[in-house]
Structures are given as structure tokens and as C-alpha cells.
Amino acid sequence: MSVAGVRVGALVPLSRPGWAAAGRQLLAGLELGVADVNAAGGIGGRPVELLVRDTAADPARAVAAVEELAGLGVSALVGEYHSVVARAVATRAEALELPYVCASAVLDGLVDAPARWVARIAPAQSYCWRVYADFLLGAGHRRIAVATAPGAYWAAGTEILRGHLAARGGEVVGFDVSGHSPGALCDALAASGAGALLLLVGHPEPAVPLVRAVRRDPRLGGVLLGAPAGQPELPDWLEQLGPDGAGVPFLRYLPARFTPHGARVDAALRELLDAEPSFVAFEGWDAVTALAAALRTDGSGGAPDWAGVEVAGTRGTVRFARVPGSGVWQWAWPPVQVADRDPAEPDRFRVLHAAAGTE
């Protein structure tokens, strides 16, 4: 007689307007993580079964998926890339007392009050975006322009950058892309005196036309383009922008050297994806591995003992802790790098800056 599996709901953006390329990377990491957990005996001898749902970057759709998955008897939830969607999932998971490991979303305020059922693998935005601001300051940039789209994630990022830079003699000039065409934004940028423009916008629209417009404006040849949210990491950025997409620094969560698990997972992901895996795929593997460890023990009142989790991940040892300003159980901290695509060889990444004190 077969042993009943442990059902886990996986939430990923696999269709527009979600960033499907990131969703495919995340799903590959989740699926490989489940295969490895099962190869090691599953959870209490029971195999993990992954039930995948496409959130399409829609919070309402994600909440409906959580309700459906809860009705199907899942033991936990894992995944999601988009911060506003992860917030909706975390809020509902906490209300349902359903363990949830957020793999890739960084928004600090995933929950309104300290959560017992929610943990996160990705770093908090207030941590990793300050690392990015330090990179800008170290590169000599003091007046920074940001092109922002509406949304809680972009607004939070702007305020993190503004506060961190202002305390160190820097300044942020904001441009709302909903009120500027690419040409008009180039005019405003040229008049602003900013030495860098950060794209706090969605991909491919409006990021791709903005990059093309700036690259083709002779007034802006010395302006650094940046994308802290990580858009240049994935292959579709290069496919759409070619050489224009190189030299755009972004945040990624990879170490200088992988752990032994990381090296093995890297090779397996390359075969699975037929492409270089991004940090998002490794976040997926680490999230599943940490969730499996948490499900093996219950804490007080049935909630997972997040504080007791200690697992060898792809990028370091994953341990969860309470972090001021964040209501979730947090891995503090994953490795954080600022990288770009080499203008001389856009298929190759360069590490420009790394956070101190990360594994």
C-alpha cells in the first residue's frame, strides 16, 4: 500500500502580467528541492507532493489559490516572487494557520503583525536595497534619479534609498513613469543633474523602452542605469535589449562560492532549465528544504518551530530569526551582491559589490 504524501502548495507567477521568466526559474528550484527532499526520505517517510498554482502577479488570484489549496488539505505553502502577491498570501496563510515559506519576495511588510506561521528566505528590502545604495555611494554617485511605477514595492524601495542616501550626503530625485513618456523622462533626467537613473518599474514594460531611450540620448551618455529589483538577471532582459541591457547593476542573492549543495543544485538546474539558473531558482530550492525541516517539528500551538530550523542551503546555512521591522521569521541574511552584465560580453556577469558579513 502506498504512503500518503505531504501536500505542499506552490505559488508562482507563470503568466502575464506576472514575470513568467522569474516564475519558471522559481518553479524549477521548487521542483528540484522537492525531488531532493523525497530522495532523502521525504518528511517522516512520506513523499512531498507539490501542487502548483499560477498567481499571475494578482493578489486576489493568489488568495483564491490559497483557499483552494487549503481545501485540498495542503500541509504548507511555498513560493511567490512578487511582493504584493506574497503579502496577500502571507496574510491569508497566517489567518488559516498554514505554514508558508516565502521564497523570493523582499517587501518588509509582508504581514501587519508578528507572524507565527510565515517565514522568508529572501532578504528584507530594507536590508538589500541599503546594500545597493552603498554601492552607488562607493561608485561616487550622490544625486540619484529614480523612475518609479505605482505600487507598494516601488514606493518602499524609493523611501529606503532616499533615507539611506540622505543620511550620507546623497539625494534622490523621483520621476513617476505614469506621467512621463520615455522621451519626456530623458528630458527631465538631463535637466536634473543626476548621475544615475534607477529603474523601479516592471519588465518588460516600461523598463525596456526606458532603457532604449536613455541609451540613445546623447545627453545621457555618462548616466549610470541601475535596476535594483534584479530585472537584468534573467535571459529575457538580454534577449529584448541586447548590448543596451549590459552595464545595468542589479541586486542578486548569490555567494562568491556555492556550498557543496549549491554546486550540485547549480549543475542540476542548468540541465533542467537548459540555461544558467538565476538566484530565484536557488531561493526556490532553499525554501523547500527549509520548509521540509520546519514541517518535521511543531512548535507551540502547532506552528512550525522556525527558530529550530538549521539546514544546509545552496548559499549558506539557513536559520530563521526575528528581525526588527519585519513580522515574519527571516533568514538573516542570505548573501547579497550587486552585479551587472559585462558590456564586453553581455552573457557574462560581473560582481561589482557584495554585502559584508554574509555567508
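Refer to the structure printed above.
Being a predicted model, the structure only gives us computed values, none of them experimental.

Undergrad: Please explain the side chain of Asp236 as it appears in this structure.
TA: Relative to the assigned elements, Asp236 resides in helix α8 (residues 235-241). For the buried residue Asp236, which engages in no salt bridge, the nearest side chain bearing the opposite charge is Arg24, 5.9 Å off. Of the polar contacts made by the side chain of Asp236, one reaches the side chain of Trp19; its length is 3.1 Å. For Asp236, the contacting residues outside a window of four places in its chain are Trp19, Ala21 and His203.

Undergrad: Can you help me understand unusual backbone geometry in this one?
TA: Backbone geometry follows two general trends: most residues other than glycine have a negative phi, and most peptide bonds adopt the trans configuration. With an omega of 5°, the peptide bond between Arg16 and Pro17 qualifies as cis. Secondary-structure assignment places Pro17 in the loop between β1 (6-12) and α1 (20-39). Of note, the amide linkage connecting Glu205 to Pro206 takes the cis form, showing an omega dihedral of 0°. If you trace the backbone, Pro206 turns up in the loop between β8 (196-200) and α7 (207-215). At Glu97, a residue that is not glycine, the phi angle is positive and equals roughly 55°. Within the element layout of this structure, Glu97 appears in the loop between α3 (83-96) and β4 (100-102). Glu97 sits in the partly exposed class, given a relative accessible area of 48%. The backbone phi angle of Asp274 is positive, close to 55°, even though this residue is not glycine. Residue placement: Asp274 occurs in the loop between α9 (260-273) and α10 (279-295).

Undergrad: Whenever I open this one, the side chain of Thr289 confuses me. Can you help?
TA: The residue Thr289 is located in helix α10 in this model. With residues up to four places along the chain from it excluded, the contact list for Thr289 reads Val311 and Ala312.

Undergrad: It is not clear to me how the pattern of salt bridges should be interpreted in this structure. Could you clarify?
TA: Between side chains of opposite charge, a pair can form when the charged atoms approach closely. Summed over all chains, the structure comprises 18 salt bridges. Between Asp266 and Arg270 there is a salt bridge; the shortest N-O distance is 3.1 Å. Placement of the pair is Asp266 and Arg270 together in helix α9, with a separation of four residues, close to one helical turn. Classification of Asp266 as buried rests on a relative accessible area of 14%. The exposure class of Arg270 is partly exposed, given its relative accessible area of 38%. Across the pair Arg348 and Glu345 runs a salt bridge, and its minimum N-O distance is 3.9 Å. Arg348 sits in the partly exposed class, given a relative accessible area of 37%. Glu345 sits in the partly exposed class, given a relative accessible area of 45%. Here the salt bridges do not stand alone but share partners, grouping Asp187, Asp217 and Arg219 into one network.

Thresholds applied
- Residues numbered from 1 in each chain as written.
- Predicted model: local features only at pLDDT ≥ 70, side-chain atom pairs only at ≥ 80, totals over all residues.
- Heavy atoms only, no water.
- Helix = DSSP H or I, 4+ residues; strand = E, 2+ residues; numbered from the N terminus.
- Buried < 20%, exposed > 50% of the residue type's maximum accessible area, 1.4 Å probe, protein only.
- Lys, Arg positive; Asp, Glu negative; His and termini not counted.
- Salt bridge = Lys/Arg side-chain N within 4 Å of Asp/Glu carboxyl O.
- Polar contact = N/O pair within 3.5 Å; in protein donor to acceptor, adjacent residues only side chain to side chain.
- Contact = heavy atoms within 4.5 Å.

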